[in-house]
Amino acid sequence: MKAKLVFISVVIVLLGGVLVFFRDLWTAQPWRTSDTYTNLFQAVMDAEGAVYTISDSKKTLRKVDASGKLVYSVSSSEREAAGTVRMFNDIAADEEGNAYALITILDSHGLQVYGEEIVAISPGGTRERVLYSVTYPLSDNLLRVGKIQSLAVAGDELYFFRKEENKAVLLKLPRQADGAVEPQTVAAIEAPEGTFLKEVAGRNP
């Protein structure tokens with residue numbers, strides 16, 4: 001009887017160790033094929049009919065294939081540093097099923113913007129890499145949203161705008177950028193004096 005209890009205890013400890021070791025796969029829940037959406041913020045569709053959404057108060061990015069099956073669910077908090085909050089603010093997709101997401105990094109109250117990242121997420125949601133990142137001085141006094149907006153994919157390039165009060169610059173990056181490549185300027189837009197740009201979209205100069 002004692003040997004049986006020891007055996008059961010050893011099995012439990014080993015199973016616990018396996019669950020801890022594979023905790024990333026465990027939290028990914030690869031067998032889950034559906035999910036509940038709250039506070040939907042944005043949705044885009046790729047060439048294959050898959051739908052990418054930002055929801056749950058900008059904390060979750062999901063991909064659902066053309067049949068309605070959940071492919072993956074990614075949290076913006078996965079690389080969250082102490083004293084900061086990370087939120088998804090924009091999304092685009094290419095013809096290969098890769099997603100490109102804009103993450104805004106804010107203070108712990110979710111108000112002051114510290115910086116932004118553009119990340120690429122593989123078609124199955126198993127890999128994420130940073131294409132571009134920028135930090136902002138507190139003197140910029142950015143609240144809730146940063147300066148980057150309107151992600152768009154065309155061919156091998158990812159386009160986006162970096163916006164100031166009355167001007168915006170259209171930039172592009174190779175989709176395979178590794179975070180060390182500086183974006184190229186495609187075009188610049190300036191609003192008349194006394195006016196302010198709220199949102200800019202498109203990619204043709």
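Only a predicted model underlies this, so the values are computations on that prediction, with no experimental measurement involved. (Residues numbered from 1 in each chain as written. Predicted model: local features only at pLDDT ≥ 70, side-chain atom pairs only at ≥ 80, totals over all residues. Heavy atoms only, no water.)

Remarks on the side chain of K63
With respect to the helices and strands, K63 occurs in strand 3 (residues 60-64). Polar side-chain contacts of K63 include one of 3.1 Å to the backbone oxygen of G97. Setting aside residues no more than four positions away along its own chain, K63 makes contact with A50, V51, Y52, K69, L70, V71, Y72, G97 and P123. (Helix = DSSP H or I, 4+ residues; strand = E, 2+ residues; numbered from the N terminus. Polar contact = N/O pair within 3.5 Å; in protein donor to acceptor, adjacent residues only side chain to side chain. Contact = heavy atoms within 4.5 Å.)

Some remarks on the sheet that holds strand 2 (residues 51-55)
Across the sheet, 4 strands lie side by side as 1-2-3-4; this open sheet has antiparallel pairing. Here the strands that pair on one side only, and so sit at the sheet edges, are strand 1 (42-45) and strand 4 (70-75). Across the sheet, the axes of successive neighbouring strands diverge by a mean angle of 15°, strand direction being ignored. For strand 3 and strand 4, the ladder comprises 5 bridges, and the chain directions are antiparallel. When the sheet's bridge partners are listed, L61 is paired in strand 4 with V74. (Pairing = 2+ DSSP bridges. Axes fitted to C-alpha atoms, helices over the stretch in contact; angles between N-to-C directions.)

Observations regarding the sheet that holds strand 11 (residues 167-174)
Within a sheet, adjacent strands bond to each other through the backbone by hydrogen bonds, running parallel or antiparallel. Across the sheet, which stays open at both edges, the 4 strands sit in the order 9-10-11-12 with antiparallel pairing between neighbours. On the outer flanks of this sheet lie strand 9 (148-154) and strand 12 (184-190), each paired with one strand and no other. On average, adjacent strands in this sheet sit at an angle of 20° to one another, irrespective of strand direction.

Describing the packing of aromatic side chains
Within the structure shown, the criterion is met by 1 aromatic pair. Each ring, one from Y132 and one from F160, has its centre 5.5 Å from the other, and the planes form 35°; the classification is tilted. Taken together, the residues Y132 in strand 8 (residues 128-135) and F160 in strand 10 (residues 157-163) connect sequence positions 28 residues apart. Residue F160 is classed as buried on the basis of its relative accessible area, which comes to 0%. Positioned above the aromatic ring of F41, the side-chain terminus of K58 is 4.4 Å from the ring centre. (Phe/Tyr/Trp six-rings, centres within 6.5 Å; stacked < 30°, edge-to-face > 60°. Buried < 20%, exposed > 50% of the residue type's maximum accessible area, 1.4 Å probe, protein only. Lys NZ or Arg CZ within 6 Å of the ring centre and 35° of its normal.)

Structural notes on the layout of surface pockets
By volume, the second largest pocket amounts to about 550 Å³. If you trace the second largest pocket, you find 23 residues lining it, with V145, G146, Q149, K163 and K198 closest to the centre. Ranked by residues supplied to the lining of the second largest pocket, first place goes to strand 9 with 3 residues. Residue classes in the lining of the second largest pocket are distributed as 7 nonpolar, 7 polar and 9 charged. (1 Å grid on protein atoms, 1.4 Å probe; cavity = no way out; pocket = protein on both sides within 12 Å on 5 of 7 lines; lining within 4 Å. Points joined across faces, edges and corners; volume = space filled by probe spheres on them. Nonpolar A, V, L, I, M, F, W, Y, C, P; charged D, E, K, R; others polar.)

Comments concerning the confidence of the model for the chain
Looking at the chain, pLDDT values average 87 and 83% of them are 70 or higher. In this model residues 23-28 is a low-confidence stretch, pLDDT under 50, and it forms 3 contacts with partners more than four residues away in sequence or in other chains. (pLDDT = per-residue confidence, 0-100.)

Some remarks on the pairing of strand 9
Among the 7 residues that make up strand 9, 5 are buried, leaving the element largely enclosed by the rest of the structure. Adjacent in sequence and paired antiparallel, strand 9 and strand 10 are bridged by 2 residues, among which G155 carries a positive phi angle near 60°.

Overview of unusual backbone geometry
The phi torsion at N39 lies on the positive side, around 50°, for a residue other than glycine. Even without glycine at this site, R144 takes up a positive phi of about 70°. By the secondary structure assignment, R144 is in the loop between strand 8 and strand 9. Looking at R144, the relative accessible area reads 40%, which means it is partly exposed.

Some words on the side chain of T60
Position of T60 among the secondary structure elements: in strand 3. In this structure the side chain of T60 is engaged in a polar contact, spanning 2.9 Å, whose partner is the side chain of D56. Beyond its immediate sequence surroundings of up to four residues, T60 is in contact with T53, I54, S55, S73, V74 and F88.

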